[in-house]
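# Coordinate inspection notes
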Amino acid sequence: MKQELRTNEISVIMPIYKTKVEHLRLAIQSVLAQSFSDFEFIILNDSPQDKRLKEIVDSFADNRIKYFENEVNLGIAKSYNKLLDLAKGKYIALMNHDDEMKKERLKKQYEFLEKNSDVGLVGTAYKKFGEVNRFKNILCPKSHDEILAMFLFKSPVHHPTIMMRGDIIKKYNIRYNEEFISLNDRQLCWEFSKYSRVSNLDEVLYKYRFHPDMTSKKMKMDIRKERAKFHKLWFEYNDINLSDDEVDVFDNYVTFGRAKIKDKSVIKKSVAVLDKLVEINESKNLLNNVAFRKVCAGYARKRCLNAIFCGLLNIKDIINSTKLPMKKKGQMLFFNTVFGWRK
């Protein structure tokens, strides 16, 4: 009788595309050096014309590596979907082609998922590196409720740190949205959260490289449009109806940190939209009220400080009128007096 081949506990999947040779080598080394060794390492080359990348992969004599090439460039979302189909492990761990894993990453996430059967996806804290002033640790929200509350505003799970259950991916046919070039990661986590609890470890187990060729730096306008599309999907899924003006303010000011607020009507509308979202959430019982109020209050505080410092606006009335529990209101009112006295 033919014996079935044993599958690995973990499939590590990594698309590569025009990767710098030195970065790719370090990325592969960090995966192969993991303290947890029962994994397959699937690498998909989305720039097959670059023969250097195959040479680098082939230089590692490790039978856990499985190398594939796309015949033509498919893009990041289609490549990830192909990798999901190729993965055979109980758990699927993601990896960027120019980042590095800490040695205990796979072991810590594997043990967490083995002990917490109700959690289907887990990320980790991470360390930024690669550019001046980027050397800092980033912690992500730990609880399922905190993560759900943040999806509308930003990705609460750092994509390349994810480990997820393969059976949930297959059962619910969870896929990356191939219309997105950047927000497909947030969209995937959000889809996953509809079927399983999600979490983050607060230990730094991943190193995330910053460099000038990052998609987030080269395609800023496209990513802004994608954020608006994701907001629309989130609002529709939760049956939330905002006016066109409210949607415009939310997309271009509330969730856009680089916006400079120099018009008092804009900050007034921004805080009003956040107040409205909190009220809708409480009436519909969509998300944990405390967690969602906290996230909305955080964004209200950031935008109020933006209006005070960038716009030199006097917004004392707006700060005092909102029901959002903004931290350090006294400090904000002091800054408002110092910087906003002219208007």
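My aim in this report is to walk through the structure given alongside it, one point at a time. Everything quoted here is computed from the prediction, not taken from an experiment.

Before going further, it helps to spend a moment on the overall build of the protein. Across its full length, the protein holds 14 helices and 9 strands. A globule of 343 residues ought to have a C-alpha radius of gyration of about 20 Å, and the protein, at 22 Å, matches this closely. Considered along the principal axes of its C-alpha atoms, the protein spans approximately 80 × 40 × 35 Å. Expressed as a percentage of the 343 residues in the protein, the buried residues total 53%. Accessible surface computed for the protein: about 17,000 Å², of which carbon and sulfur atoms make up 50%. For the protein, the separation between the mean place of its 63 positive charges and that of its 45 negative charges on side chains is 6 Å.

Inspection of the secondary structure puts Lys-66 in strand 3 (residues 65-69). Separated by 22 residues in sequence, Lys-66 and Leu-44 have C-alpha atoms that sit 8.5 Å apart. Among the polar contacts made by the side chain of Lys-66, one reaches the side chain of Glu-40 at a distance of 2.6 Å.

For the rest of this paragraph, the subject is the side chain of Glu-40. Relative to the elements of secondary structure, Glu-40 occurs in strand 2 (residues 39-45). Only 2.9 Å separates the side chain of Glu-40 from the backbone nitrogen of Lys-88, close enough to count as a polar contact. Excluding anything up to four places from it in sequence, Glu-40 contacts Asn-8, Ile-10, Ser-11, Val-12, Arg-64, Lys-66, Leu-86, Ala-87, Lys-88 and Gly-89.

Now for helix 4 (residues 105-115). Along helix 4, the residues classified as buried are Arg-105, Leu-106, Gln-109, Tyr-110, Phe-112 and Leu-113. One side of helix 4 carries all its buried residues, which in axial view fall inside an arc of 165 degrees.

On to the environment of Arg-186, then. Here Arg-186 shows up in helix 7 (residues 184-193). On a C-alpha basis, the gap between Arg-186 and His-159 in space is 7.5 Å, while along the polypeptide they are 27 residues apart. When residues no more than four places from it in sequence are discounted, the contact partners of Arg-186 are Phe-151, Leu-152, Phe-153, Lys-154, Ser-155, Arg-227 and Phe-230. A distance of 3.3 Å separates a polar side-chain atom of Arg-186 from the backbone oxygen of Leu-152.

Time to look at the packing of helix 10 (residues 244-254) against helix 11 (residues 264-284). Where helix 10 meets helix 11, the closest approach of the two axes is 9 Å, and the angle between their N-to-C directions is 105 degrees. By the angle class used here, helix 10 and helix 11 are roughly perpendicular. Residues Asp-245, Glu-246, Val-249, Phe-250, Tyr-253 and Val-254 of helix 10 form the contact with helix 11, whose own contacting residues are Val-266, Lys-269, Ser-270, Val-273, Leu-274, Lys-276 and Leu-277.

The next thing to look at is unusual backbone geometry. The phi dihedral of Asn-173 falls on the positive side, at around 50 degrees, and the residue is not glycine. Examined against the element boundaries, Asn-173 turns out to sit in the loop between helix 6 (166-171) and helix 7. In this model, Leu-312 sits at a positive phi of 50 degrees, which is unusual for a non-glycine residue. Its location among the elements puts Leu-312 in the loop between helix 12 (289-309) and helix 13 (316-321). When its relative accessible area of 28% is taken as the criterion, Leu-312 is described as partly exposed.

Let us now look at the state of the cysteines. One pass over the full model with this rule turns up 0 disulfides. No disulfide involves Cys-296; its sulfur sits 13 Å from the nearest other cysteine sulfur, which is in Cys-304. A relative accessible area of 0% means that Cys-296 is categorised as buried. Cysteine Cys-310 is unpaired, with the sulfur of Cys-304 as its nearest cysteine sulfur at 13 Å.

A word on the packing of aromatic side chains. Under the definition given, this model contains 14 aromatic pairs. Judged by centre distance (4.9 Å) and plane angle (20 degrees), the ring pair of Tyr-80 and Tyr-176 falls under stacked. A residue pair is termed long-range when its members are at least 10 positions apart, and Tyr-80 in helix 3 (residues 76-86) and Tyr-176 in the loop between helix 6 and helix 7 qualify at 96 residues. Of the two residues examined, Tyr-80 and Tyr-176, each falls in the buried class. Three or more aromatic residues joined by ring pairs make a cluster, and in this case those are Phe-153, Trp-234, Phe-235, Phe-250, Phe-292 and Tyr-299.

Next up on the list: the side chain of Ser-79. As for its position among the elements, Ser-79 is in helix 3. Looking at Ser-79, the relative accessible area reads 1%, which means it is buried. With near-sequence residues (within four places) excluded, Ser-79 lies in contact with Pro-15, Leu-44, Asp-46, Asn-70 and Leu-74.

So, on to the pairing of strand 6 (residues 119-129). Regular strands show a simple pattern: their side chains alternate between the two faces of the sheet. Most of strand 6 sits out of view: 10 of its 11 residues are buried. In this sheet, strand 9 (residues 197-209) lies alongside strand 6 in parallel orientation, the contact comprising 9 bridges. Across the sheet, Ala-125 pairs through a bridge with Val-204, a residue of strand 9. For strand 6 and strand 8 (residues 163-165), the ladder comprises 2 bridges, and the chain directions are antiparallel. Bridging across to strand 8, Val-122 finds its partner in Met-163.

With that out of the way, let us pick up the packing of helix 11 against helix 12. One can describe the packing of helix 11 onto helix 12 by two numbers: an axis separation of 10 Å at closest approach and a directional angle of 180 degrees. By the angle between their directions, the pair helix 11 and helix 12 is classed as roughly antiparallel. Every residue of helix 12 that contacts helix 11 at Ile-267, Val-271, Leu-274, Leu-277, Val-278, Asn-281 and Glu-282 is listed here: Asn-289, Phe-292, Arg-293, Cys-296, Tyr-299, Ala-300, Arg-303, Cys-304 and Ala-307. In the contact of helix 11 with helix 12, the residues fall into 11 nonpolar, 2 polar and 3 charged.

Cut-offs applied
- Residues numbered from 1 in each chain as written.
- Predicted model: local features only at pLDDT ≥ 70, side-chain atom pairs only at ≥ 80, totals over all residues.
- Heavy atoms only, no water.
- Helix = DSSP H or I, 4+ residues; strand = E, 2+ residues; numbered from the N terminus.
- Rg over C-alpha atoms; globule rule 2.2 N^0.38 Å.
- Buried < 20%, exposed > 50% of the residue type's maximum accessible area, 1.4 Å probe, protein only.
- Areas by Shrake-Rupley, 256 points an atom, 1.4 Å probe, with all protein chains shown as cover.
- Lys, Arg positive; Asp, Glu negative; His and termini not counted.
- Charge placed at Lys NZ, Arg CZ, Asp CG, Glu CD.
- Polar contact = N/O pair within 3.5 Å; in protein donor to acceptor, adjacent residues only side chain to side chain.
- Contact = heavy atoms within 4.5 Å.
- Arc of directions from axis to C-beta.
- Axes fitted to C-alpha atoms, helices over the stretch in contact; angles between N-to-C directions.
- Parallel < 35°, antiparallel > 145°, perpendicular 65-115°, else oblique.
- Disulfide = S-S within 2.5 Å.
- Phe/Tyr/Trp six-rings, centres within 6.5 Å; stacked < 30°, edge-to-face > 60°.
- Pairing = 2+ DSSP bridges.
- Nonpolar A, V, L, I, M, F, W, Y, C, P; charged D, E, K, R; others polar.

That is the geometry; function is a separate question.
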